[in-house]
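Descriptive structure summary
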2 protein chains.
Amino acid sequence: MSLYNFWRSSCSWRVRACLAMKNVDYKYLPIDLFKDGGEQKKPEYLEINPMGQIPFLVDGDADVAQSMAILEYIDEKYKNPPLLPKDVKSRAKVREICGLITSGIQPLQHRKVLGLMTSEDAKLKWAHDCVASGFESLEKILQKSSGKYCVGDNITMADLCLVPQAYNAVDRFSVDLNKFSVISRIYLSLEENPSFKKSHPLNQPDCPIQVL
Amino acid sequence: MSLYNFWRSSCSWRVRACLAMKNVDYKYLPIDLFKDGGEQKKPEYLEINPMGQIPFLVDGDADVAQSMAILEYIDEKYKNPPLLPKDVKSRAKVREICGLITSGIQPLQHRKVLGLMTSEDAKLKWAHDCVASGFESLEKILQKSSGKYCVGDNITMADLCLVPQAYNAVDRFSVDLNKFSVISRIYLSLEENPSFKKSHPLNQPDCPIQVL
């Protein structure tokens, strides 16, 4: 199994964390989203993935793009530990939280959208406001759904989406996580989880030494 | 089962089409996204769904937001006809296409993003370009994955996402669908499908008479 990905990308971290949870070995293939205008746009990469995006999983004759599709694929192929609850209602709640983050928050901080802003300050303000407003909704959902983690007491796909988004919120967009008590409680408890540590952006081979 | 939704919303159409395919009766609860600044922001609705979004499904003591989570929920609860293939590899391809549309294309035409544009022309151009660029990727995926429909010869969740997006592309953003031969072939064949007709925006009770 090979994963084209980038140390800093939050969508990539979701997938790396999933592979770490399932204890699946994979070949780490770094695609630098910034070098020379973006390696994801180079002809060599477009031949592999015409969408020119990461993360991108290649598994024998199967290839999968889009982080949620990759998470579901890995969860269906490697059953343990399961990353979705057993009952239909709780599974829906997990996927709702994933959808809120992957469709409702993350795309609004896409480089294409940030490129519309005229200054670095405006970029930061837009991203901060999008994430903070999304987190207000998320906090309300988690107040009902959470146990130890996002939905109940087991780690699910919802947590795989939450941790990278919360890290970005603090690290890149100066969101005050103290305003969101459930989000910050879950985030802080998962920061110490070995799979999230192993898959953390700062622990990846393509993380530049000057960042550390 | 009750569905809070809006005739014109493409995310709502995905869910209505799914319910029509499965032949599930439901209570249609219209939320007008434009009237008085948006009924989804009124306190009455925020008490029901604090996220202030549609579509929103209420099924007994279960409630589900986010269209992909709703599709998976309905598909798990009502098995026939299945809207995901049986094999893991094809299921991943269906979800990849759904992800490309629901996270990669649709959020970029969100009203919040369009609100950044300074004129109606700029809004239209942005939305047109986002959809057209997304469709270029989608077309390449479908060239490999499609049979009669997006993935193989059975209707899947991918088609539930494709049809509303293709309709919007033509109807609202003047995208030339002739440039995308597989997308337009699938779209044209599904336009005549009874479930897509029944769930079509123009056939909903809240569609204003002056639009017809």
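Computed from a predicted structure; not experimentally measured. (Residues numbered from 1 in each chain as written. Chains lettered and ligands numbered in written order. Predicted model: local features only at pLDDT ≥ 70, side-chain atom pairs only at ≥ 80, totals over all residues. Heavy atoms only, no water.)

Observations concerning the sheet that holds strand β3 (residues 56–59) of chain A
Residues and elements named next belong to chain A. Spatial ordering of the open sheet is given by β2-β1-β3-β4, a layout of four strands whose pairing is mixed. Where the open sheet ends on each side, the last strands, each with one partner, are β2 (27–30) and β4 (62–65). This sheet shows a mean twist of 15° between the axes of neighbouring strands, independent of strand direction. Across four bridges, the pairing between strand β1 (residues 2–5) and β2 is parallel. Opposite asparagine 5, over in β2, you have proline 30 as the bridge partner. Against the sheet, helix α3 (residues 67–77) touches β3 and β4, its axis set at about 135° to β4. (Pairing = 2+ DSSP bridges. Helix = DSSP H or I, 4+ residues; strand = E, 2+ residues; numbered from the N terminus. Axes fitted to C-alpha atoms, helices over the stretch in contact; angles between N-to-C directions. Contact = heavy atoms within 4.5 Å.)

Overview of the sheet that holds strand β2 (residues 27–30) of chain B
All names here are of chain B. Strand order in the open sheet formed by four strands is β2-β1-β3-β4, and the pairing between neighbours is mixed. Both edges of this open sheet fall to β2 and β4 (62–65), since each of them pairs with a single strand only. Along the sheet, successive strands turn relative to each other by an average axial angle of 15°, direction set aside. Here strand β1 (residues 2–5) runs beside strand β3 (residues 56–59); their pairing, made up of three bridges, is antiparallel. Bridged to leucine 3 within β3 is leucine 57. Of the strands in this sheet, β1 and β2 are in contact with helix α1 (residues 10–21), which crosses β1 at around 155°.

As for the domain arrangement of chain A
All names here are of chain A. You can read the domains of chain A as domain 1 (2–81) and domain 2 (88–196). The C-alpha centroid of domain 2 is placed 20 Å from the C-alpha centroid of domain 1. Listed by partner, the interface residues are 16 residues for domain 1 and 18 residues for domain 2. Here domain 1 and domain 2 share an interface that buries about 1600 Å² over both sides, 65% of which is from carbon and sulfur atoms. A per-residue breakdown of the area domain 1 buries against domain 2 is headed by Trp13, Arg14 and Met21, which together make up 40% of the total. There are one salt bridge connecting domain 1 and domain 2. Taking the shortest distance from any N to any O, the salt bridge between arginine 95 and glutamate 72 comes out at 2.7 Å. (Domains from an automatic or database assignment. Buried area = accessible area lost by both parts, 1.4 Å probe. Salt bridge = Lys/Arg side-chain N within 4 Å of Asp/Glu carboxyl O.)

Focus on the UniProt feature "domain: GST C-terminal" (unreviewed entry) in chain A
Sequence positions flagged by UniProt for "domain: GST C-terminal" (unreviewed entry) are, in local numbering, residues 87–209 of chain A. In the segment residues 87–209 of chain A, helix accounts for 64% and strand for 0%; the C-alpha atoms at its two ends are 45 Å apart. (UniProt positions renumbered as here; feature names shortened; annotations may be inferred.)

Focus: the interface of chain A and chain B
Contact residues are listed per partner, giving 35 residues for chain A and 35 residues for chain B. At the boundary of chain A with chain B, total buried surface from both sides reaches about 3300 Å², with 63% on carbon and sulfur atoms. Scanning the region where chain A abuts chain B turns up 10 salt bridges. Elements supplying a minimum of two residues to the side of chain A that touches chain B: β4, α3, α4 (88–105), α5 (111–114) and α6 (120–145) of chain A. Here the side of chain A that touches chain B takes 11 residues from α4(A), the largest share from any one element.

Quick word on the nonpolar core
One finds Ile97(A), Phe135(A), Leu138(A), Ile97(B), Phe135(B) and Leu138(B) to be the most contacted residues of the largest nonpolar core, which totals 148 residues. When neighbours within four sequence positions are excluded, Leu138(B) is seen to be in contact with Ile97(B), Leu100(B), Ile101(B), Leu162(B) and Ile183(B). (Core = buried A, V, L, I, M, F, W, Y, C linked by side-chain atoms within 4.5 Å. Buried < 20%, exposed > 50% of the residue type's maximum accessible area, 1.4 Å probe, protein only.)

Focus on the packing of helix α3 (residues 67–77) of chain B against helix α7 (residues 157–171) of chain B
Residue and element names in this part refer to chain B. Between α3 and α7, the least distance of the axes is 11 Å, while the angle of their chain directions is 140°. Comparing the axis directions of α3 and α7 gives the class oblique. Note that α3 runs across α7; the crossing there is right-handed. Taken together, the residues of α7 that come into contact with α3 (itself represented by Met68, Leu71, Glu72 and Asp75) are Met157, Leu160 and Cys161. For the contact of α3 with α7, the per-class residue count stands at five nonpolar, no polar and two charged. (Parallel < 35°, antiparallel > 145°, perpendicular 65-115°, else oblique. Left-handed = near helix turned anticlockwise from the far one by under 90°. Nonpolar A, V, L, I, M, F, W, Y, C, P; charged D, E, K, R; others polar.)

Focus: α4(A)
Counted at 1.5 Å a residue, the expected span for α4(A) with its 18 residues is 26 Å, and the 25 Å between its end C-alpha atoms agrees. With 14 of 18 residues buried, α4(A) is to be regarded as a mostly interior element. (Expected span 1.5 Å × (residues − 1).)

With respect to the layout of surface pockets
The space that makes up the second largest pocket amounts to roughly 1400 Å³. Along the walls of the second largest pocket sit 50 residues, with Gln53(A), Ile54(A), His110(A), Arg111(A) and Lys112(A) positioned nearest its centre. At the level of secondary structure, the elements contributing two or more residues to the lining of the second largest pocket comprise α1 (10–21), α3, α5 and α6 of chain A together with α4 (88–105) and α6 (120–145) of chain B. By residue number, the principal contributor to the lining of the second largest pocket is α6(B), which donates six residues. Across the lining of the second largest pocket, the residue classes break down as 20 nonpolar, 20 polar and 10 charged. (1 Å grid on protein atoms, 1.4 Å probe; cavity = no way out; pocket = protein on both sides within 12 Å on 5 of 7 lines; lining within 4 Å. Points joined across faces, edges and corners; volume = space filled by probe spheres on them.)

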